[in-house]
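# Analysis of the macromolecular model
As a plain string of letters, each chain reads:
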Amino acid sequence: MANDQQEIPENANEHCPGPQSESAGKSESCAGCPNQEICTTAPKGPDPDLFTIAERMATVKHKILVLSGKGGVGKSTFSAQLSYALASMDYQVGLFDIDICGPSIPKMLGLEGQSIHQSNLGWSPIYVDSNLGVMSIGFMLENPDDAVIWKGPRKEGMIKSFLKETYWSELDYLVVDAPPGTSDEHISIVKLLQTTSIDGAIIITTPQQVSLIDVRKEINFCKRVGVRVLGVVENMSGLAQSIVDMKFKKVSETGEETDVTDWALDYLKTNAPELFHLIACSEVFDSSGGGALNMCMEMGVPFLGKVPMDPQLCKAAEEGRSCFEDQKCSSSAAALRKIIDKLLSNHQLHETL
């Protein structure tokens, strides 16, 4: 998207020359515009901070945005587990949380209560491991329950400060976890990284149409601003749960519920012990419309795969740990690993260690 298209305010007059133009606020078309005084006095030319940001990003090989059209689809969970997976492959990884109003990455990385430290090189990320650093506004809040009530310019100023001040050292991958939608934070991160290169965006959705409608908008946003769509992930694609982790209940004709979990598991253990090694699968959302795969085919973007709704993955996110460290998240971890391998091989994001 050209600069003159992306910078013109929505409430500008027709034939607006653009706020960065030398004639901004002075041309005949500016008469009566509500932005005229601001444009007249605003500094012109390239933002000098972009050069500082470019210098910071010069040591980062790959920058990946993780986006979603709808909230609550597991985007931050995917960002966290993607970062864990890359770090487990001995890459140097940074996870940058730009969800200013709802930062959940500190919780999902087990870093609640941590705060940012200043060094002579800049702001220091909080490290989970020696090769996995995290930066989030959540580290700046005195109380995690504090509400961040900011308008667009202040959000952009905070993201710019993170990009200018954070010293990541040398990174193979910087994963950027964005809030849902196509609003201030998305516009800001694309604009502020325009002098460097964004490898592309991974878009997270769930199978049902109410989510896919907004994901289509997210894909069109990426196309409009020139960010490549690396692929779409269908998250919560059916429930997958081990038989031994399931609960059983009996419902009477009057609606009274009785927990019969112990009886059911004892019965299976005695009469069908082989079932204990199975994963029970069930559709949760309506995917009769073809889900994310069909949408990707229609819109001409890659489909990376499906991740089931796995209670053990949810538990890992709540506890701030990797789903790859044990065998509890067997179904979801395998699906995530397959998607990550596909992502690295399909888009030349693989680094030689």
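Small disclaimer: the values here were computed from a predicted structure and weren't measured.

### Focus on the sheet that holds strand β8 (residues 200-205)
Ordered in space as β5-β6-β2-β7-β1-β8-β9-β14, the eight strands form an open sheet in which the pairing is mixed. Pairing within the sheet leaves two strands with one partner each, and these edge strands are β5 (126-129) and β14 (303-306). On average, each strand axis in the sheet is tilted by 20° relative to the strand beside it, whichever way the strands run. Two elements, strand β1 (residues 60-68) and strand β7 (residues 171-177), share six bridges in a ladder whose sense is parallel. Directly across from Val66, in β7, lies its bridge partner Asp177.

### What to know about the confidence of the model for the chain
In the predicted model, the chain carries a mean pLDDT of 89, and the fraction of residues at 70 or more is 94%. For the chain, per-element mean pLDDT is lowest for helix α1 (residues 3-7), which scores 44, and highest for strand β2 (residues 93-97), which scores 98. The low-confidence segment residues 1-6, where pLDDT is below 50, has four contacts with residues more than four positions distant or belonging to other chains.

### Re the pattern of salt bridges
Counted by the stated rule, this structure contains 14 salt bridges. With a shortest N-O distance of 2.8 Å, Asp214 and Lys70 are connected by a salt bridge. Of this pair, Asp214 sits in helix α8 (residues 209-225) while Lys70 sits in the loop between β1 and α4 (75-88), placing them 144 residues apart in sequence. With a relative accessible area of 15%, Asp214 lands in the buried category. Look at Lys70 and you get partly exposed, because its relative accessible area is 30%. Each of the salt bridges in this network shares a partner with another, and the network as a whole consists of Glu319, Arg321, Glu325 and Asp326.

### Things to note about helix α9 (residues 261-271)
When we look at burial in α9, the residues that qualify are Thr261, Ala264, Leu265 and Leu268. The buried residues of α9 occupy an angular sector of 95° when the element is viewed end-on, so they sit on one face. Among the exposed residues of α9, those pointing more than 90 degrees away from its buried face are Asp262, Trp263 and Thr270.

### With respect to the nonpolar core
Within soluble globular proteins, side chains that are nonpolar generally end up buried alongside one another. Phe96, Leu109, Ile189 and Ile202 are the most contacted members of the largest nonpolar core, which totals 87 residues. Filtering out sequence-adjacent residues up to four positions away, Ile189 remains in contact with Leu65, Phe96, Ile98, Ile159, Leu163, Val176 and Ile198.

### Focus on the pairing of β5
As defined by bridge partners, β5 adjoins strand β6 (residues 132-136) across three bridges and the pair is classed as antiparallel. Bridging from a neighbouring strand, Ile126 pairs with Val134 of β6. Connecting β5 to the next strand, β6, in antiparallel fashion are two residues.

### A short note on the packing of aromatic side chains
Summed over the entire model, instances satisfying the criterion amount to four aromatic pairs. Between Tyr91 and Tyr173, the ring centres sit 5.1 Å apart and the planes meet at 80°, which makes this aromatic pair edge-to-face. In this pair, Tyr91 sits in the loop between α4 and β2 while Tyr173 sits in strand β7, placing the two residues 82 residues apart along the sequence. By the burial criterion, Tyr91 is buried, and Tyr173 matches it. An aromatic cluster of at least three residues, connected via ring pairs, comprises Phe96, Trp123 and Phe162. Over the ring of Phe324 we find Arg337, and its NZ or CZ is 4.5 Å from the ring centre.

### What to know about the packing of α4 against helix α12 (residues 330-346)
At a closest axis distance of 11 Å, the pairing of α4 and α12 adopts a crossing angle of 70°. Comparing their axes, α12 and α4 come out roughly perpendicular. Between α4, through Phe78, Gln81, Leu82, Ala85, Leu86 and Ser88, and α12, the contact on the second element is made entirely by Leu336, Arg337, Ile339, Ile340, Leu343 and Leu344.

### Quick look at the environment of Val229
Relative to the assigned elements, Val229 resides in strand β9 (residues 229-234). Judged by relative accessible area, which is 9%, Val229 ranks as buried. The spacing of Val229 and Ala280 is 51 residues in sequence and 33 Å in space, taken between C-alpha atoms.

### Notes on helix α11 (residues 311-319)
Those residues of α11 that fall on the buried side of the exposure criterion are Gln312, Leu313, Ala316 and Ala317. One side of α11 holds all its buried residues, which, seen down the axis, span an arc of 145°. The inward-facing, buried residues of α11 abut α4, α5 (105-108) and α12. Two or three places before Gln312, at the start of α11, stands the capping residue Asp310, its side-chain oxygen 2.9 Å from that residue's backbone nitrogen. Trailing α11 by a residue or two, Gly320 shows a phi angle of about 70°, which is positive.

Criteria and cut-off values
- Numbering of residues starts from 1 in every chain and runs along the sequence as written.
- Thresholds applied to this predicted model are a pLDDT of at least 70 for local features of residues and 80 or more for the giving and counting of side-chain atom pairs; totals over whole chains, interfaces and linings are not thresholded and use all residues.
- As a rule here, side-chain values come from all non-hydrogen atoms in the structure, and water together with hydrogens is ignored.
- Paired strands, in this sense, are two strands between which DSSP finds at least two bridges.
- Helical segments are the DSSP runs of H or I of at least four residues, strand segments are the runs of E of at least two, and each set is numbered from the N terminus.
- Interaxial angles span 0 to 180 degrees and are taken between N-to-C directions of axes, which are lines fitted to C-alpha atoms, for helices over the stretch in contact.
- Known as pLDDT, the predictor's confidence for each residue is given on a scale from 0 to 100.
- Residue contacts follow a heavy-atom distance rule, with two residues in contact if any of their heavy atoms lie within 4.5 Å.
- By definition here, a salt bridge exists when the distance from a side-chain nitrogen of Lys or Arg to a carboxyl oxygen of Asp or Glu is within 4 Å.
- Categorising residues by exposure relies on relative accessible area from a 1.4 Å probe, with only protein chains included: less than 20% of the type maximum marks a residue as buried, more than 50% marks it as exposed, and the intermediate range marks it as partly exposed.
- Note that the arc is defined by the directions from the helix axis to the C-beta atoms.
- As used in this record, nonpolar core signifies buried Ala, Val, Leu, Ile, Met, Phe, Trp, Tyr and Cys residues forming a set joined through side-chain atoms within 4.5 Å.
- Only centres within 6.5 Å qualify two rings of Phe, Tyr or Trp (six-membered ring in Trp) as a pair; their planes then separate them into stacked at under 30 degrees, edge-to-face at over 60, and tilted for everything else.
- A ring has a charge above it when a Lys NZ or an Arg CZ is no more than 6 Å from the ring centre and no more than 35 degrees off the ring normal.
- An angle below 35 degrees is treated as roughly parallel, one above 145 as roughly antiparallel, one from 65 to 115 as roughly perpendicular, and anything else as oblique.
- Identification of polar contacts relies on pairs of N or O atoms within 3.5 Å, with a donor-acceptor requirement for protein atoms, meaning one able to donate a hydrogen and the other able to accept it, and with residues adjacent in sequence counted only if both atoms are side-chain atoms.

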